[in-house]
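# Fold and contact review
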Amino acid sequence: MNIVVCVKQVPETTAPKEFGPDNRINRAAHEAVVNPFDEYAIEAGLQLKEKHGGEVTILTMGPSGAQDTMRKALAMGADRGLLVSDPALEGSDTWTTAYVLAQALRREEYDLILTGMESTDARTGLVPAALAEQLGLPSLTYASSVEVEDGNVSVRRQVTGGYEEVRGPTPALVSVVKGVNEPRYPSLKGIMAAKRKEITVLDLAQLEIQPDEVGAAGAKTKVLDVTPRPEKQAGQVISPDSPEEAARIIADFLQVNKFI
Amino acid sequence: MDFDLTDEQVMIRDLARDFARNEIAPRAEYYDHHAEFPYDVIAKLAELGFMGLPVPEAYGGAGADTLTYAVAVEEISRGDASVGITMAAHTSLGIMPFLMFGSEDQKQEYVPPLAAGQALWSFGLTEPQAGSDAGATRTRADLHSGFWVINGVKSFITNSGTRISGGVTITAVTGGSVGDREISNIIVPAGTPGYTVSREYDKMGWRASDTHELAFADARVPEINLLGERGAGFHQFLRVLDGGRISVAALSVGLAQACYDASARYAEERVQFGRPIAQFETVRNKLVDMATNIELARLMTYRAAWLKDRGRDFRMSAAMAKLFAGEVATRAANDAVQIHGGYGVMEEFPVARYWRDCKIGEIGEGTNEVQRMVIGRLLGL
Ligand SMILES: Cc1cc2nc3c(=O)[nH]c(=O)nc-3n(C[C@H](O)[C@H](O)[C@H](O)COP(=O)(O)OP(=O)(O)OC[C@H]3O[C@@H](n4cnc5c(N)ncnc54)[C@H](O)[C@@H]3O)c2cc1C
């Protein structure tokens, strides 16, 4: 079974983000890491490979430096990498990103596409479904478990008060949630081996994409403004006289703010 | 000059750092408090390949260079120095003598399970009467009909008494006369009749690392358990210690970095006189000096490793790095406690542990005084 895992390189997640004049994240200002949500997708892919055999390919759209973060996925055990990189891709939105990934995937043979549920930089969570749509594939999003059997993929999806079981024929796209598994650490041997694994770099011409279809030019959405999160307000300190009064104040607070 | 680590070294550093932060540091307080060996942590490190980092792939290791190994020991020790020394002593003192002096058969037999971290190995040099003066060893190994018969005591031996301890390589007097004694290295597997792992020490620092006294009473091992040439033992252990110093230096750098991490965080959070204490110049300068010294100690350590990787003479660099990094860690721990005030004395803050841990970096594998002796000698003084 061949699996393609879509992996995005994102700025280090704990640092506060900086934005450029065009309201886009200044990526140069931060260390680049594998999108943490994608680590779950990589692990899911590796576990399926261990069970069913086949190959795991890492597909990334990003700057050429994204090879560094792809190596981490290869060190975890993925077999090869595909990087779509082209200066014209800068400023792409979710739809154009999905389009580019779809074009790359049209050249591949696969049974399953795995993605994380969202990326930590933009957090739209739209690319997986958009990608499935463009490829005309069943889209099984927000999976908290993934099983493949007899040409079908089954997932569980958490819903209010329980979970749904969803099944679709392969090839299909599955996006996984955090907690679907515990991503492994790359081993030393994996790191050494990753050096020798192949990362193919593709540009737009190779994918038969016109530059104006993608990047800022092709984007269907545009970020108009970014506003920093408001400063946290100082908390209110209450000194009740008795436990009963404390309980009443807490209950009132919860009710007034519609928590209960 | 190229101060950049390779992509691969960066990946290994990040792996060690993530692992230390997520898997080692959260358990350190427990293991320290209970003076319990962290079997689960070591097993995970072994699984990832950290217990045989600089061992060639042909013997089951990761085939990394000394620099990569030093960077890994630093990051692991940043999480917990006890784990750092377990890994460093196992690798530099346990495995390296086999690779440096062993026959091909000995390498094939002993190294792969050690590189895989399935078993730990120790190096037994120190004795009650032979510490800094390690050549004064009194332990004897006499050859009788194809067997070395060993009698004596070894003190403070790291990794010797765990459930997974595979054995110890010891120095012993194998002949010669007073003033011209012949010292050799002998391999003693765990379970050898007459070899007893005796008392466990109750230590102030590195409490989760395993340290035992070893007793040999007519312990018998086959003649082929001689490691390297007969009579070369003195020269051999000096060479082992030369390399070991790089890893102890790295350990001290990691520990000093942990002191900085905790202190910088605390100084930003702790408010007195209406502002974070980091804004008081005397506190800030402690942090600045700490960071500056750590940077220097790290560069010295990396350079010693770099020299070794190039097959150059690294002895003086290693001794200087070990001496300096040990002193830097002790100063950093002292200032870390000071910056934490009363909380620094409380065991629920990690700096209390750092303060107890740092001191051994100035004692183990040659005291500061011995490092100065070594450096002085190499300077031709
Ligand atoms: C936790 C721990 C783990 C250890 N693990 C191991 C191990 O795995 N294997 C092993 O073989 N050993 C191990 N050791 C032993 C360690 O290497 C010795 O403790 C160290 O070399 C010092 O020897 P000593 O304790 O006998 O001190 P001594 O040699 O008695 O030194 C006492 C003091 O005198 C000073 N001194 C001694 N000689 C001189 C001199 N000529 N000039 C100036 N000052 C001098 C010393 O610097 C020191 O300050 C370990 C020690 C500890 C604490």
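Owing to the predicted nature of the structure, the values given are computational and were not obtained by experimental measurement.

## Here's the deal with the overall build of chain A
- On a plain count of helices and strands, chain A comes out with seven helices and eleven strands.
- Based on the C-alpha atoms only, the size of chain A along its principal axes is roughly 70 × 50 × 40 Å.
- Per-residue burial for chain A yields a buried fraction of 42% across its 260 residues.
- Sequence-distant contacts in chain A: of pairs separated by 6 or more residues, those separated by 24 or more amount to 70%.
- For chain A, the computed accessible surface area is about 14400 Å², with 50% contributed by carbon and sulfur atoms.
- In chain A, 27 positive and 37 negative side-chain charges are present, and the distance between their average locations comes to 3 Å.

## Describing unusual backbone geometry
- A cis amide bond links T170 of chain A with the next residue in sequence, P171 of chain A, at an omega value of -5 degrees.
- Of note in this structure, W206 of chain B is not a glycine but carries a positive phi near 50 degrees.
- Take W206 of chain B: it is sitting in the loop between β6 (195–200) and β7 (211–222).
- With a phi close to 50 degrees, E365 of chain B is a non-glycine residue in the positive phi region.
- Topologically, E365 of chain B is positioned in the loop between α9 (350–358) and α10 (368–378).

## A short note on the site of the ligand
Residues and elements named next belong to chain B.
- In the neighbourhood of the ligand, 17 residues make up the surrounding shell, with T126, S132, F156, T367 and E369 lying closest.
- At 2.8 Å, a backbone N or O of L125 approaches an oxygen atom of the ligand.
- Between the ligand and S132, the relevant distance is 2.6 Å, taken from an oxygen atom to a side-chain nitrogen or oxygen of the residue.
- Only β1 (120–124), β3 (147–158) and α10 provide two or more residues apiece to the shell around the ligand.

## Looking at the environment of Y110 of chain B
Residue and element names in this part refer to chain B.
- Examined against the element boundaries, Y110 turns out to sit in helix α5 (residues 104–115).
- Overall, the relative accessible area of 11% leaves Y110 in the buried class.
- In this structure, the C-alpha to C-alpha distance between Y110 and V337, residues 227 residues apart in sequence, is 43 Å.
- Apart from residues no more than four positions distant in its own chain, Y110 is found in contact with F98, W121, I187, P189 and N225.

## Description of the interface of chain B and chain A
- Taken residue by residue, the interface counts 20 residues in chain B and 13 residues in chain A.
- Regarding the contact of chain B and chain A, the summed buried area is about 1300 Å², with carbon and sulfur atoms giving 65% of it.
- Where chain B touches chain A, the interface holds one salt bridge.
- Its salt-bridge partner being E8 of chain B, residue K195 of chain A comes within 3.0 Å of it at the nearest N-O pair.
- Put simply, chain B and chain A have four residue pairs in polar contact (both at pLDDT 80 or more) between them.
- In the side of chain B that touches chain A, the residues fall into nine nonpolar, five polar and six charged.

## Some points on the domain arrangement of chain B
All names here are of chain B.
- Assigned domains of chain B: these are domain 1 (7–120), domain 2 (121–229) and domain 3 (235–378).
- The distance between the C-alpha centroids of domain 1 and domain 3 comes to 20 Å.
- Listed by partner, the interface residues are 24 residues for domain 1 and 27 residues for domain 3.
- Roughly 2200 Å² is buried in total at the junction of domain 1 and domain 3, and carbon and sulfur atoms are behind 62% of that figure.
- If you sort the residues of domain 1 by the area they bury against domain 3, E74, R78 and F101 come out on top, with a joint share of 27%.
- Inspection of the region where domain 1 meets domain 3 yields four salt bridges.
- As a salt-bridge pair, R298 and E74 come within 2.8 Å of each other at their nearest N and O atoms.
- Applying the counting criterion to the domain 1 and domain 3 interface returns seven residue pairs in polar contact (both at pLDDT 80 or more).
- Listing elements by their share of the side of domain 1 that touches domain 3, those giving two or more residues are α1 (7–34), α3 (66–79) and α4 (81–101).

## What to know about the nonpolar core
- Counting residues in each nonpolar core, the largest one holds 135 residues, and the members touching the most others are I58, L114 and V174 of chain A together with F50 of chain B.
- Here this core gets 16 residues from one element, more than from any other, and that element is helix α6 (residues 233–269) of chain B.
- The residues touching I58 of chain A, leaving out its near neighbours within four places in the chain, are V5, V7, I42, M70, A73, L74, A78, R80, G81 and L82 of chain A.
- Core analysis: the second largest hydrophobic core is formed by 27 residues, L89, A104, Y110 and I209 of chain A among them.

## Considerations on the packing of helix α3 (residues 94–105) of chain A against helix α4 (residues 127–135) of chain A
All names here are of chain A.
- Between α3 and α4, whose axes approach to 8 Å, the crossing angle comes to 50 degrees. In terms of their interaxial angle, α3 and α4 are classed as oblique. By crossing handedness, the relation of α3 to α4 is classed as right-handed. In this structure, α3 uses T94, W95, T97, A98, Y99, L101, A102 and L105 to contact α4, whose residues at the interface are V127, A130, L131, Q134 and L135.
- Tallied by class, the residues present in the contact of α3 with α4 amount to ten nonpolar, three polar and no charged.

## Remarks on the pairing of strand β6 (residues 112–116) of chain A
Residue and element names in this part refer to chain A.
- Among the five residues of β6, five are classified as buried, and the element is accordingly described as predominantly covered.
- The two faces of β6 match: L112, L114 and G116 on one face and I113 and T115 on the other face are all buried.
- Pairing of strand β1 (residues 3–6) with β6, which is carried by four bridges, proceeds in the parallel orientation. Residue pairing across strands places C6 opposite T115, the latter belonging to β6.

## Here's the deal with the layout of surface pockets
Residue and element names in this part refer to chain B.
- Quantified by volume, the second largest pocket comes out at close to 1300 Å³.
- Lining the second largest pocket are 49 residues, with T126, I363, G364, E365 and G366 sitting closest to its centre.
- For the lining of the second largest pocket, the elements supplying multiple residues, two or more each, are α4, β1, β3, α6 and α10.
- If one sorts the elements of the lining of the second largest pocket by residue count, α6 sits on top with nine residues.
- Class assignment of the residues belonging to the lining of the second largest pocket gives a composition of 23 nonpolar, 16 polar and ten charged.

Quick notes on the rules
- Residues numbered from 1 in each chain as written.
- Chains lettered and ligands numbered in written order.
- Predicted model: local features only at pLDDT ≥ 70, side-chain atom pairs only at ≥ 80, totals over all residues.
- Heavy atoms only, no water.
- Helix = DSSP H or I, 4+ residues; strand = E, 2+ residues; numbered from the N terminus.
- Buried < 20%, exposed > 50% of the residue type's maximum accessible area, 1.4 Å probe, protein only.
- Contact = heavy atoms within 4.5 Å.
- Areas by Shrake-Rupley, 256 points an atom, 1.4 Å probe, with all protein chains shown as cover.
- Lys, Arg positive; Asp, Glu negative; His and termini not counted.
- Charge placed at Lys NZ, Arg CZ, Asp CG, Glu CD.
- Near = heavy atom within 4 Å.
- Polar contact = N/O pair within 3.5 Å; in protein donor to acceptor, adjacent residues only side chain to side chain.
- Buried area = accessible area lost by both parts, 1.4 Å probe.
- Salt bridge = Lys/Arg side-chain N within 4 Å of Asp/Glu carboxyl O.
- Nonpolar A, V, L, I, M, F, W, Y, C, P; charged D, E, K, R; others polar.
- Domains from an automatic or database assignment.
- Core = buried A, V, L, I, M, F, W, Y, C linked by side-chain atoms within 4.5 Å.
- Axes fitted to C-alpha atoms, helices over the stretch in contact; angles between N-to-C directions.
- Parallel < 35°, antiparallel > 145°, perpendicular 65-115°, else oblique.
- Left-handed = near helix turned anticlockwise from the far one by under 90°.
- Pairing = 2+ DSSP bridges.
- 1 Å grid on protein atoms, 1.4 Å probe; cavity = no way out; pocket = protein on both sides within 12 Å on 5 of 7 lines; lining within 4 Å.
- Points joined across faces, edges and corners; volume = space filled by probe spheres on them.

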